[in-house]
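Letter by letter, the chains look like this.
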Amino acid sequence: MSKKNIYDTALYLRLSKDDADIDGSKKTESNSISSQRDLLRAYVQSHEDLRLFDIYIDDGYSGANFERPEFQRMMEDIRAGKVNCVLVKDLSRFGRDYIEAGRLIQKTFPAFSVRFIAVTDSYDSLYADRAESNLIVPVKNFVNDAYCRDISVKVKAQQQVKRLEGKCISAFAVYGYRKDPDDKNALMIDEYAADVVRKIFAWKIAGMSMAAIADKLNQSGVLSPMEYKKSLGMKYYTGFGGDSPGKWAAVSVKRVLENQVYIGTMVQGKEEKVSYKLKKRINKPREEWIYVKNTHEAIISEVEFRTVQDLLKYDGRKSEDSDCASLFSGILTCGDCRTPMIRRVNHYKGREKVFYICQTKNRSLGCSRHSIREEQLKQIVFKEIRVWLELMASYSGILEYLEELNINYDQVVEYDSQIGALSMEYKKYCDLKNGLHIDLKEGLIDRKEFDELYCLYERKCEGLETSINAQKKIIKDMFRNGVAAKTQLDRIRETLEIHELTRELLVTTVRRIYVFEDKRLEIEFRFANEMEKLALMRKLCHEKSAVQEVI
């Protein structure tokens, strides 16, 4: 046979997760890489006009597109004139995008005088007639594409089910956790990384800015999440950019502080693929993310997490003499214009006077000074916190007492005067809304008035229903989980000797402090709603107990 009849042949092999069963069972043996290689080698050996040039293997790559490293290497060899025949097991191994596959087989390969052979599909472009090239091959490619689309839909559906069940389906565990070796969909605490996470939250509560926390981690030689995963031998690459992805930065600290996974909540479904044919992913709106609580052990308490979320809403600039924010930063607010108060230090005759004034007044934008001395503020707030702690302690055991008296959730809800008042208001607006139909029918109002009033009453009902459900949820959570506030405050009382006001004590007990012009303070404590419900429960316990004594 003459030299010009010999074809330098590329054996192309491909296998991906698409070729496994949907439940993740073993890949079909007939499609395995070794099986494809043996079949194609035997085919070359049985055809004298074929000469093996190289073998190109894309193992673990989808057939939905042609952005595969070995396929691209083969195309480079084709363009360089090194290969003039491509041999595959079947058309599905070549690719499952019927448009691109058709373009390559019918246009690109002929343009480079490349022969194409799909062994088990009995297709050889050298001998194929017009019907095979223009009808059979496109149909088979279309079927392969449809199969790929069908697989994509089924995989997405299965992944969605796992997300809703709270199973981790990401390739890597979030920093602070690792995959359970016995269950790849479960998370276990990674103690080293978890300790770093705890420090990050503690430093933020202490008043450090995110940039200061990042600097402290870098100076201490703590590896960034990406570098830490790589140090464990993981082939991990982050999608977040930055000038120094190997270092901690303020943005990476913020991602840790905002991630609910650290309170035991699995958060998934943040992104979705544009198409099964493309690798590109787009971010989904936060309200479409999937949250499942209590799927794994928490690293951070919910109280600490919520505290940090409040602090992140406000300026956390450090003070002049430390890396931490000043004691009242992010807490102290003008009672009239509701802007943050700013700290000022005056030096006079060797004495230092520290006070706070309204930020709006400081910028000459209105309002008034609302000036208050820091030392005076500390004394007042510390005294109120001690009273609040003692009050909380006095409520200890209320839930246990409710159980002894056989008082359940429904009885507490029925007893709650706040829920009762809201329910009466809700019924009033529902009756008004329903009465509009009669008014319209009797001609007391026209259609325009009907529509306006109906929308008004509908909004009122929706708002009241939301408020009622929120009040009921507080009681339900307390029955289900106990008093989270009490648990946290007990820990504070055990671990801190409360002799003076500290940043940790302040931010863990107080959400906001409002300062009015007459130096009157209004303190918004954390868990105020729970405290109200505890007072309600204690009153119910006393009444129930008194009735039982009479009986």
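Residues numbered from 1 in each chain as written. Predicted model: local features only at pLDDT ≥ 70, side-chain atom pairs only at ≥ 80, totals over all residues. Heavy atoms only, no water.

### Structural notes on unusual backbone geometry
Most peptide bonds adopt trans geometry, and most residues besides glycine take a negative phi value.
And then number 1: Non-glycine residue Ser113 carries a positive phi angle of around 55°.
And then number 2: Residue position: Ser113 is located in the loop between α4 (98-111) and β4 (115-118).
And then number 3: Phi at Ser122 is positive, roughly 55°, even though this residue is not glycine.
And then number 4: The exposed category is assigned to Ser122, whose relative accessible area is 59%. (Helix = DSSP H or I, 4+ residues; strand = E, 2+ residues; numbered from the N terminus. Buried < 20%, exposed > 50% of the residue type's maximum accessible area, 1.4 Å probe, protein only.)

### Thoughts on the sheet that holds strand β16 (residues 510-515)
And then number 1: The strand order β12-β16-β17 describes an open sheet built from three strands, whose pairing is mixed. The two strands at the open ends of the sheet, each matched to only one other strand, are β12 (332-334) and β17 (521-525). Taken over all neighbouring pairs, the strand axes of this sheet differ in orientation by 25° on average, direction set aside.
And then number 2: Pairing geometry for β16 and β17, over five bridges, is antiparallel. For Arg512, the partnering residue across the bridge sits in β17 and is Glu524. (Pairing = 2+ DSSP bridges. Axes fitted to C-alpha atoms, helices over the stretch in contact; angles between N-to-C directions.)

### Remarks on the environment of Glu227
And then number 1: Within the fold, Glu227 resides in helix α8 (residues 225-231).
And then number 2: A residue is classified by how much of its surface remains accessible, and Glu227, at 27% relative accessible area, is partly exposed.
And then number 3: The spacing of Glu227 and Lys247 is 20 residues in sequence and 8.1 Å in space, taken between C-alpha atoms.

### Focus on the pattern of salt bridges
And then number 1: Considering all chains together, one arrives at 22 salt bridges under this definition.
And then number 2: Ionic pairing is found between Arg198 and Glu191, a salt bridge with its closest N-O pair at 3.8 Å.
And then number 3: Shared partners join several salt bridges into a network, and the residues in it are Asp310, Arg511, Glu524 and Arg526. (Salt bridge = Lys/Arg side-chain N within 4 Å of Asp/Glu carboxyl O.)

By themselves, these figures tell us nothing about what the structure is for.
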